[in-house]
Amino acid sequence: MNNNRRDFLKLSGLAALGGSAKWEIKDLATSMQVEQGKQVFNMSGYAAPKIETVRIGFIGLGNRGSGAITRVNRIDGVKTVAVCDIRKEKTAAALNALGKMGIQPIVYGEKEEAWKAMCDRPDIDLIYIATPWHLHTPMAVYAMKQGKHVAVEVPAATTLEECWQLVETSEKTKKHCMMLENCCYDFFELLTLNMARQGYFGEIIHAEGAYLHDLLDHNFTQSTYYQSWRLKENLRNGNLYPTHGLGPICQLLDINRGDQMDYLVSTSTNDFSMHARAVELAAKDPFYQQFTNKSFRGNMNTTTIRTVKGKTMMVQHDVSTSRPYSRIHLLSGTKGMAVKYPDAKISDHHHNWISAAEMAELEKKYAPPIVAKIGELAKQIGGHGGMDFMMDWRLIDCLRNGLPLDQNVYDAATWSAVGPLSEMSVKNRSRSMNVPDFTRGSWKSNTPVDITLAQGGSTGVKAQK
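Quick caveat, the model's predicted, so the values are computed rather than measured. (Residues numbered from 1 in each chain as written. Predicted model: local features only at pLDDT ≥ 70, side-chain atom pairs only at ≥ 80, totals over all residues. Heavy atoms only, no water.)

Enquirer: Describe the sheet that holds strand 11 (residues 330-333), with residues and values.
Expert: Two strands in a sheet stick together by hydrogen bonds in their backbones, pointing the same way (parallel) or opposite ways (antiparallel). Spatially, the eight strands line up as an open sheet ordered 13-12-11-7-10-9-8-14, and their pairing is mixed. Each having just a single partner strand, strand 13 (345-347) and strand 14 (433-434) make up the two edges of the open sheet. The sheet contact formed by strand 8 (residues 261-268) and strand 9 (residues 301-307) spans seven bridges and is antiparallel. The partner of S268 across the bridge, within strand 9, is N301. Where helix 16 (residues 409-427) meets the sheet, it contacts strand 8, strand 9 and strand 14, and its direction lies at approximately 50° from that of strand 8. (Pairing = 2+ DSSP bridges. Helix = DSSP H or I, 4+ residues; strand = E, 2+ residues; numbered from the N terminus. Contact = heavy atoms within 4.5 Å. Axes fitted to C-alpha atoms, helices over the stretch in contact; angles between N-to-C directions.)

Enquirer: An account of the UniProt feature "domain: Glycosyl hydrolase 109 C-terminal" (unreviewed entry) in the protein chain is requested, with residue identities and associated values reported.
Expert: UniProt feature "domain: Glycosyl hydrolase 109 C-terminal" (unreviewed entry): in the numbering of this structure it lies at residues 190-353. Secondary structure across residues 190-353 divides into 22% helix and 25% strand, with the first and last C-alpha atoms of the span separated by 19 Å. (UniProt positions renumbered as here; feature names shortened; annotations may be inferred.)

Enquirer: Which residues make up the pairing of strand 8, and what values do they have?
Expert: For strand 8 and strand 14, the ladder comprises two bridges, and the chain directions are antiparallel. Residue pairing across strands places L264 opposite M433, the latter belonging to strand 14.

Enquirer: Describe helix 3 (residues 65-72), naming the residues involved and giving the relevant values.
Expert: For helix 3, every residue scored as buried is listed here: G65, A68, I69, R71 and V72. On its buried face, helix 3 is in contact with strand 1 (54-59), strand 2 (78-85), helix 4 (88-99), strand 4 (126-129), helix 14 (369-381) and helix 15 (387-401). (Buried < 20%, exposed > 50% of the residue type's maximum accessible area, 1.4 Å probe, protein only.)

Enquirer: Describe in detail the nonpolar core, supporting the description with residues and values.
Expert: Grouped together as the largest cluster of nonpolar side chains are 123 residues, with contacts concentrated most on L246, M261 and I346. Excluding anything up to four places from it in sequence, I346 contacts F188, M195, Y200, F201, M337, A338, W353, I354, M359 and L362. Residues L216, A278, Y288 and F291 belong to the second largest nonpolar core, which totals nine residues. (Core = buried A, V, L, I, M, F, W, Y, C linked by side-chain atoms within 4.5 Å.)

Enquirer: Could you give an account of the pairing of strand 11, naming the residues involved and the relevant values?
Expert: Where strand 7 (residues 204-212) and strand 11 come together, four bridges link them in antiparallel fashion. Considered in strand 11, the bridge of A207 is made with L331. In this antiparallel pair of consecutive strands, strand 11 and strand 12 (residues 337-339), the connection spans three residues.

Enquirer: Explain the side chain of H317 to me, using residue names and the numbers behind them.
Expert: If you trace the backbone, H317 turns up in strand 10 (residues 312-318). A distance of 2.8 Å separates the side chain of H317 from the side chain of R297, its partner in a polar contact. For H317, the residues in contact, after removing those within four places along its chain, are Y211, L212, G238, N239, L240, Y241, R297, N299, M300 and N301. (Polar contact = N/O pair within 3.5 Å; in protein donor to acceptor, adjacent residues only side chain to side chain.)

Enquirer: Quick one: what's the story with the packing of helix 6 (residues 136-145) against helix 7 (residues 160-173), residue by residue and with numbers?
Expert: Contact geometry for helix 6 and helix 7: axes closest at 9 Å, N-to-C directions at 10°. The angle between the axes of helix 6 and helix 7 places the two elements in the roughly parallel class. Note that helix 6 runs across helix 7; the crossing there is left-handed. Counted together, T137, P138, A140, V141, M144 and K145 of helix 6 and E162, Q165, L166, T169, S170 and T173 of helix 7 form the full contact between these two elements. (Parallel < 35°, antiparallel > 145°, perpendicular 65-115°, else oblique. Left-handed = near helix turned anticlockwise from the far one by under 90°.)

Next up, the structure:
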């Protein structure tokens, strides 16, 4: 073992574990080795050549993809060239939905790797990926190598090695890799980001996010997720789905663009519901017997992150206990704070929350430009109350105008990396884990996300047929 690797493992709290932690050491050593290299090309702030008509291929037409194909095709300057899913019923449903819009894409499917043939097409500019998590990175990497920009559902990667694959491929090919973190485009999140940019909260010192969503029944229903892929993901123990809560607060704290995650600590409870549900169902259905001898993730995971500049973040994940939905979205600054769930509230540094009338005035005064431009229309078109459509519209508008994307490959990698790093920390008694710098130091000079619409904003929206 060389000195650099030994020092890195010591700092990560794993040196004393020896052979009992082979997979953690391999991932952490890999992250260090790549991090020592130089950045090939800085994708933060990169403006790819303008694409007047963005030609798209969609992979995955299930829970997320089926909504995306109709939303995206409401945007001007878009052409759906092809769609792909291994299930005939999904491609048939997509053809039916697009047919009503006068769109007739080429269909790829049936074979496991039919998506590769679609990515090979020279008449596609953007591959839009909405498949099970373990396919996200392989599909994104292949598509970029075939000269395509990529929009990939969350999380973009499930291992540190995959995070580095995305970064290295995007830099080498100069193709965008945007993780489709729709929560960055929710209305209150955009409002607080705009207010923070204008100094309303003072210096933000702490932020919180979460994904607290009772999916126990969904995960154990065989028809919800193809081949029960999401249930199988829950055999890993950590924060498996960090980005919905994490993305918006990373933008608030300018992570990768002025500050950087330094290290994290993660703790999980035991599992008090998933294994019990598997045993209960296995008594009636032999399909679930494969899960009765498995260990599921702890119900609640809490991960705390410290940044290089001394800010902190807390991120939670619980999808298997009975509780109301929440992403928390809390920020605390030197002059005020905000929190979204269960109600959206703002404090202006006094001991009380501002009144409803004052909140309405703030919403007018600090209305983000994207909300002022298409917010009401986005609510009509839909997708989680409109945030999905604003995300899709912004992506297409940036590509058409040759602008940097709001979310780049470093965001995809950093936000996704919290997943495997939390697993490592949980497995090793909540030891501190260093967070790799996927920007290789360029975070010090990268500029914050532009939310002004000073450039672009020219893309129209088609009327409903």
